[in-house]
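Each chain is listed here by its residues.
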Amino acid sequence: AGIETPADLAGDGVRIVAAGDAVPITTYAAQLVDNLASESGYPRDFPARYAANVASKEDNVSAIVTKVALGEGDAGIVYVTDAKGSSDVATIEVPDAANVLATYGGVVLKGSSDPEQARAFVAWLAGRQGQDVLGELGFLPPGP
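What comes next is a walk through the structure. Owing to the predicted nature of the structure, the values given are computational and were not obtained by experimental measurement.

1. Concerning the packing of aromatic side chains
Thought 1: For the coordinates displayed, the defined rule picks out four aromatic pairs.
Thought 2: Note on Tyr28 and Tyr79: the rings are 5.9 Å apart at their centroids and 70° apart in plane angle, and the pair reads as edge-to-face. Here Tyr28, found in helix α1 (residues 24–37), pairs with Tyr79, found in the loop between α3 (61–69) and α4 (80–84); they are 51 residues apart in sequence, far enough to count as distant.
Thought 3: Among the residues examined, Tyr28 registers a relative accessible area of 26% and is labelled partly exposed.

Listed below in structure tokens is the structure:
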């Protein structure tokens, strides 16, 4: 099945590779599917139609990407950074209003065995070089 827009995830015969309930992407995917149902051009029963197309549930995001790359499924909802890490899968745009952003924090643990090194790493990560590397991997710059 050809997937060209997120709406296609609810199409007949689409095989979606999803993650298991304990995998964090599952929460983000559920939010995204619910958000899409509110978008113009999406059926109100989009979440139910999407759920009916889930062909397998995997242990992690890498397994989703791999199964789609191998043709064992037509699509999966994953972090853009994981999708960009594979030349064997294509990405599709998600409407900005429906998109769900995952956020990450970087901190130095109080019990760190090398707090100076940890602080240096967090500073590098937040600095231009670290942000350039993260940007190349598909991460967005830090928000306000």
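2. So, the side chain of Ser56
Thought 1: By secondary structure assignment, the location of Ser56 is in strand β2 (residues 54–58).
Thought 2: A distance of 2.8 Å separates polar atoms of two side chains, one belonging to Ser56 and the other to Glu58.

3. Some words on the nonpolar core
Thought 1: One finds Leu9, Leu32, Leu36, Phe46, Tyr50 and Ile77 to be the most contacted residues of the largest nonpolar core, which totals 18 residues.
Thought 2: With five residues, the top contributor of residues to this core is α1.
Thought 3: Setting aside residues no more than four positions away along its own chain, Leu32 makes contact with Ile77, Val94, Ala98, Asn99 and Val100.
Thought 4: Membership of the second largest hydrophobic core comes to 11 residues, among which are Val17, Ala19, Val23 and Val61.

4. Structural notes on the pairing of strand β1 (residues 16–19)
Thought 1: Of the two faces of β1, the one holding Ile16 and Ala18 and the one holding Val17 and Ala19 are both buried throughout.
Thought 2: In this sheet, β2 lies alongside β1 in parallel orientation, the contact comprising four bridges. Considered in β2, the bridge of Ile16 is made with Val54.

5. What to know about the packing of helix α5 (residues 115–126) against helix α6 (residues 128–136)
Thought 1: Close contact between α5 and α6 brings their axes to 4 Å; oriented N to C, the two are set at 60°. Facing Trp124, Leu125 and Ala126 of α5, the residues of α6 in contact are Arg128, Gln129, Gly130, Gln131, Val133 and Leu134.
Thought 2: For the contact of α5 with α6, the class distribution of residues is five nonpolar, three polar and one charged.

About the criteria used
Residues numbered from 1 in each chain as written. Predicted model: local features only at pLDDT ≥ 70, side-chain atom pairs only at ≥ 80, totals over all residues. Heavy atoms only, no water. Phe/Tyr/Trp six-rings, centres within 6.5 Å; stacked < 30°, edge-to-face > 60°. Helix = DSSP H or I, 4+ residues; strand = E, 2+ residues; numbered from the N terminus. Buried < 20%, exposed > 50% of the residue type's maximum accessible area, 1.4 Å probe, protein only. Polar contact = N/O pair within 3.5 Å; in protein donor to acceptor, adjacent residues only side chain to side chain. Core = buried A, V, L, I, M, F, W, Y, C linked by side-chain atoms within 4.5 Å. Contact = heavy atoms within 4.5 Å. Pairing = 2+ DSSP bridges. Axes fitted to C-alpha atoms, helices over the stretch in contact; angles between N-to-C directions. Nonpolar A, V, L, I, M, F, W, Y, C, P; charged D, E, K, R; others polar.

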